[in-house]
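Read off the chains here:
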Amino acid sequence: MTLSSSLLRRSSPIHRLISAASVAGSSRPFTTSEGSRPSIVHKRSIDILHDPWFNKGTAFSMTERDRLDLRGLLPPTVMSPQQQIDRFMVDLKRLEHHARDGPSDTNALAKWRILNRCHDRNETLYYKVLIDNIEEYAPIVYTPTVGLVCQNYSGLFRRPRGMYFSAEDRGEMMSMVYNWPAEQVDMIVVTDGSRILGLGDLGVQGIGIAIGKLDLYVAAAGINPQRVLPVMIDVGTNNEKLLKDPLYLGLQEHRLDGEAYLSVIDEFMEAVFTRWPHVIVQFEDFQSKWAFKLLERYRNTYRMFNDDVQGTAGVAIAGLLGAVRAQGRPMIDFPKQKIVVAGAGSAGLGVVNAARKTMARMLGNNESAFESARSQFWLVDAKGLITEERPNIDPNALPFARKLRDVEHQGLREGASLVEVVNKVKPDVLLGLSAVGGLFSKEVLEALKGSSSTRPAVFAMSNPTKNAECTPEEAFSILGEHVIFASGSPCSDVNLGDGKIGHCNQGNNMYLFPGIGLGTLLSGARVVSDGMLQAAAECLAAYMKEEEVLKGFIYPSISSIRDITKEVAAAVIQEAVAEDLAEGYRDMDARELQRLDKEETLEYVKNNMWNPVYPTLVYKKD
Ligand SMILES: NC(=O)c1ccc[n+]([C@@H]2O[C@H](COP(=O)([O-])OP(=O)(O)OC[C@H]3O[C@@H](n4cnc5c(N)ncnc54)[C@H](O)[C@@H]3O)[C@@H](O)[C@H]2O)c1
Ligand SMILES: O=C(O)C[C@H](O)C(=O)O
Ligand SMILES: [Mg+2]
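Residues numbered from 1 in each chain as written. Chains lettered and ligands numbered in written order. Predicted model: local features only at pLDDT ≥ 70, side-chain atom pairs only at ≥ 80, totals over all residues. Heavy atoms only, no water.

K.L.:
I would appreciate a short explanation of the site of ligand 2 in the present structure.
P.N.:
With respect to spatial proximity, 13 residues lie near ligand 2, and among them Lys 213, Glu 284, Asp 285, Asp 308 and Asn 463 are the closest. In the model, an oxygen atom of ligand 2 is placed 2.9 Å from a nitrogen or oxygen of the Asp 285 side chain. Asn 508 has a polar side-chain atom sitting 3.0 Å from an oxygen atom of ligand 2. Expressed as a share of its isolated accessible area of 260 Å², the protein-covered part of ligand 2 is 93%. (Near = heavy atom within 4 Å. Polar contact = N/O pair within 3.5 Å; in protein donor to acceptor, adjacent residues only side chain to side chain. Areas by Shrake-Rupley, 256 points an atom, 1.4 Å probe, with all protein chains shown as cover.)

So, in structure tokens, the structure goes:
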């Protein structure tokens, strides 16, 4: 290599100076105009986005994105430099405004920004901070702050993270997936932004939830951060506010539907599994209309699961079993529990389906057990109690529609209100997955006083905090110290006076999805089976000791999430082996996996979890 060519090597600092000098003045990236001299760049793809000299961010034109292998690495809308400035200023002004008025979310967003900048600069440091302070920072990188981040994503967006596949990319996905710089990807979290937490359709801004979930994959499951990929599939949005917002980063058209929608998701799945055949894809925050259909479409072919349907169900079951134990009763009494569920979307239906199966197994695992288990559930949605009389009933809710004979006997009817249902049914458990903040009103909680349980349980599982069906203060003040309480987003314990504390559990799928993903990865299971999900739920339920449960602690502290995740992953591996689904991972082939006992499986999991430690770096010439 000649001296001059070595000087011009793309990573050399001298090269950067030369290139910068050659573009000084007229052709700096931000001011490129027709006819000005081009900048010579010796890099492509993500390296350009990470180089502050050449990065134009959302202002890269589509042709430049194609030429420079950037397609998919940025949100689909091309912005003008002025729009970029406008977007930045909106964000800046919003923070100034909030700082004057002082609403409580300002601090959380400011903390998110600081953490996010650290994430952009130094991943090892970022994850060390997150792991060592998970209780403090999970509420920032995950629910509830991640909801606020998604709502403000157009303003907060600086450096891209993850990939964007849009309706405009049809026919291109198989090649654009190669624009992602990592050779290996273990875990993808994908959303179409159609139902982000309880905040509705946030379009392309929903990428924030995929990023937040993967942060937990790294922090809790020890998935290598270089092998995670957040994905946003932008098929438009039906959020009218975003459709009119000139600074919105996503496609400004209504959502694709029907076959057109399915073909985009199909193309995406085919592309990622072609490049990374062993990847695991977690579907996140898809509106329930598609959540169930996509799960059925892919679950027997690809390594995938839906976190809102399946992860939530497992966490709810663990909590429901905890609530039985908290009453001083054995878990096997679970099939006697009367459970009212408010919300019949992807999460609510996921929970009742899985809880019914769990009850049926305890009752003998036959047809009649399955049939009798269904009568333990009352489903209430926006139109009230769901019965067989419901016109155009959602087929997914049909198995739980109450029989007319039963409801009449109970003094209820089609569409009865939640308070009526609670009054008449006197449930042991009231579980909310409705996304309606305050749904468990004073009247509803007063009605629960009539519960036939000695320790009624309230699960206000909707996220983020403002969408929770009630607060722990409301539950404890109305129902007294014996109520078992869980919310989806973190809440503080309640001081009940006289030295007594009302414990607020966090009932969130974060206790399971990292372990489900890690266990699937390390087992090399071909698919994620119902049995593997059930094993994960049972493992979480068993994690809690008797004395903790009796004190109202039905979920572990998030500070032990790495340990819980290790246990869950080991349980998932053992089940995959038992079901003959495990094909092994790296040096651990299927036969060796079969030989591992529980302790050895735990050790195997532990040894495969990434830790945030700086590796030794060695320089090598190209
Ligand atoms: N804690 C967790 O781990 C967890 C997991 C998944 C989802 N969630 C939360 O659950 C909520 C719902 O998620 P989803 O995917 O099922 O949403 P979804 O939109 O699919 O379903 C919402 C359901 O609530 C019903 N509903 C609306 N208003 C109601 C009312 N007044 N009374 C009773 N029901 C009402 C709707 O009819 C619908 O059936 C979201 O807030 C989400 O954040 C929490
Ligand atoms: O994201 C969460 O905190 C839980 C759940 O997946 C949700 O959609 O609310
Ligand atoms: Mg979710």
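K.L.:
Is there a simple way to explain the pattern of salt bridges in this structure?
P.N.:
Pairing between side chains of opposite charge can happen when the charged atoms of each approach one another. For the coordinates displayed, the defined rule picks out 36 salt bridges. Residue Arg 195 pairs with Asp 285 through a salt bridge whose shortest N-O separation is 3.0 Å. Here the residue Arg 195 occupies a position in the loop between β2 (187-191) and α12 (207-221), and Asp 285 occupies one in the loop between β4 (280-283) and α15 (288-298), the gap between them amounting to 90 residues. Residue classification places Arg 195 among the partly exposed residues on the basis of a relative accessible area of 22%. Taking relative accessible area as the criterion, Asp 285 reaches 1% and is therefore assigned buried. When the shortest N-O distance is used, the salt bridge between Glu 583 and Arg 526 registers 2.8 Å. Placement of Glu 583 in the loop between α26 (561-578) and β15 (584-585) and of Arg 526 in the loop between α23 (513-523) and α24 (530-543) is noted, with a sequence separation of 57 residues between them. The network of salt bridges with shared partners includes Asp 66, Arg 71 and Asp 169. (Salt bridge = Lys/Arg side-chain N within 4 Å of Asp/Glu carboxyl O. Helix = DSSP H or I, 4+ residues; strand = E, 2+ residues; numbered from the N terminus. Buried < 20%, exposed > 50% of the residue type's maximum accessible area, 1.4 Å probe, protein only.)

K.L.:
Looking at this structure, how should I read the side chain of Gln 534?
P.N.:
Here Gln 534 lies in helix α24. Overall, the relative accessible area of 14% leaves Gln 534 in the buried class. With sequence-adjacent residues up to four places away left out, Gln 534 is seen in contact with Thr 358 and Arg 361. (Contact = heavy atoms within 4.5 Å.)

K.L.:
Quick question: what am I supposed to make of the nonpolar core here?
P.N.:
Judged by nonpolar contacts, the single largest core of 173 residues is most densely connected at Ile 188, Phe 268, Val 281, Phe 283, Leu 431 and Phe 459. Sorting elements by how many residues they give to this core places helix α16 (residues 307-326) first, with 11 residues. Contacts of Val 281, omitting those with residues within four sequence positions, involve Ile 188, Val 190, Met 269, Val 272, Phe 273, Arg 303, Met 304 and Phe 305. With 30 residues, the next largest nonpolar core counts Val 407, Leu 418, Val 422 and Cys 504 among its residues. (Core = buried A, V, L, I, M, F, W, Y, C linked by side-chain atoms within 4.5 Å.)

K.L.:
Explanation requested: the state of the cysteines in the structure shown.
P.N.:
The bond known as a disulfide is covalent and runs between the sulfur atoms of two cysteines. Scanning all chains against the criterion turns up 0 disulfides. Between Cys 150, a free cysteine, and Cys 491, which holds the nearest cysteine sulfur, the sulfur-to-sulfur gap is 19 Å. Here Cys 504 stays unpaired: no disulfide links it, and the sulfur of Cys 491, its closest cysteine neighbor, is 4.2 Å away. In this structure Cys 504 comes out as buried when scored by relative accessible area, which is 7%. (Disulfide = S-S within 2.5 Å.)

K.L.:
Is there a simple way to explain empty space enclosed by the protein in this structure?
P.N.:
Empty pockets left among the atoms are what a rolling probe the size of a water molecule brings to light. Here the structure, examined in full by the defined rule, presents 1 cavity of 30 Å³ or more. For the largest cavity, the calculated volume is near 180 Å³. Lining the largest cavity are 18 residues, and of these Trp 112, Asn 116, Tyr 153, Arg 161 and Ile 211 sit closest to its centre. Broken down by class, the residue content of the lining of the largest cavity amounts to 9 nonpolar, 4 polar and 5 charged. (1 Å grid on protein atoms, 1.4 Å probe; cavity = no way out; pocket = protein on both sides within 12 Å on 5 of 7 lines; lining within 4 Å. Points joined across faces, edges and corners; volume = space filled by probe spheres on them. Nonpolar A, V, L, I, M, F, W, Y, C, P; charged D, E, K, R; others polar.)

K.L.:
Where do I start with the coordination of the magnesium ion (ligand 3) in this structure?
P.N.:
In an ideal tetrahedron of four donors about a metal, each angle is 109.5 degrees. In an ideal octahedron of six donors, the angles are 90 or 180 degrees. Donor atoms from the polypeptide that coordinate the magnesium ion (ligand 3) comprise Glu 284 (OE), Asp 285 (OD) and Asp 308 (OD), at 2.0 to 2.1 Å from the metal. In primary-sequence terms, the residues that donate to the magnesium ion (ligand 3) follow E-D-x22-D. Judged by relative accessible area, which is 1%, Glu 284 ranks as buried. (Donors = N, O, S within 2.8 Å, 3.2 Å for Na, K, Ca; no water.)

K.L.:
Explanation requested: a nonpolar patch on the surface in the structure shown.
P.N.:
Nonpolar side chains collect at one region of the surface, where Ile 85, Phe 88, Met 89 and Leu 92 lie side by side and expose about 300 Å² of accessible area between them. Following the sequence through the fold, Phe 88 ends up in helix α5 (residues 81-101). When its relative accessible area of 38% is taken as the criterion, Phe 88 is described as partly exposed. (Patch = residues over 30% accessible without salt bridge, like charges linked within 9 Å, V, L, I, M, F, W, Y side chains within 5 Å.)

K.L.:
Help me understand the site of ligand 1 in this model?
P.N.:
Of all residues adjacent to ligand 1, which total 26 residues, the nearest are Arg 195, Ser 288, Ala 344, Ser 346 and Asn 509. One nitrogen or oxygen atom from the side chain of Ser 288 is found 2.9 Å from an oxygen atom belonging to ligand 1. The separation between an oxygen atom of ligand 1 and a polar main-chain atom of Ser 434 is 3.4 Å. Out of a free accessible area of 860 Å², ligand 1 has 84% covered by protein chains. Contributing elements (two or more residues each) for the shell around ligand 1: α16, α17 (346-362) and β7 (377-381).

K.L.:
Teacher, can you tell me more about the packing of aromatic side chains here?
P.N.:
We describe a pair of aromatic rings using the distance from one ring centre to the other and the angle between the two ring planes. Summed over the entire model, instances satisfying the criterion amount to 14 aromatic pairs. Aromatic side chains Tyr 261 and Trp 290 sit 4.4 Å apart centroid to centroid with 25° between the ring planes, which places their arrangement in the stacked category. Here Tyr 261, found in helix α14 (residues 258-275), pairs with Trp 290, found in helix α15; they are 29 residues apart in sequence, far enough to count as distant. An aromatic cluster is defined as three or more aromatic residues linked by ring pairs; in this entry it consists of Phe 273, Phe 283, Phe 286, Tyr 298 and Tyr 302. (Phe/Tyr/Trp six-rings, centres within 6.5 Å; stacked < 30°, edge-to-face > 60°.)

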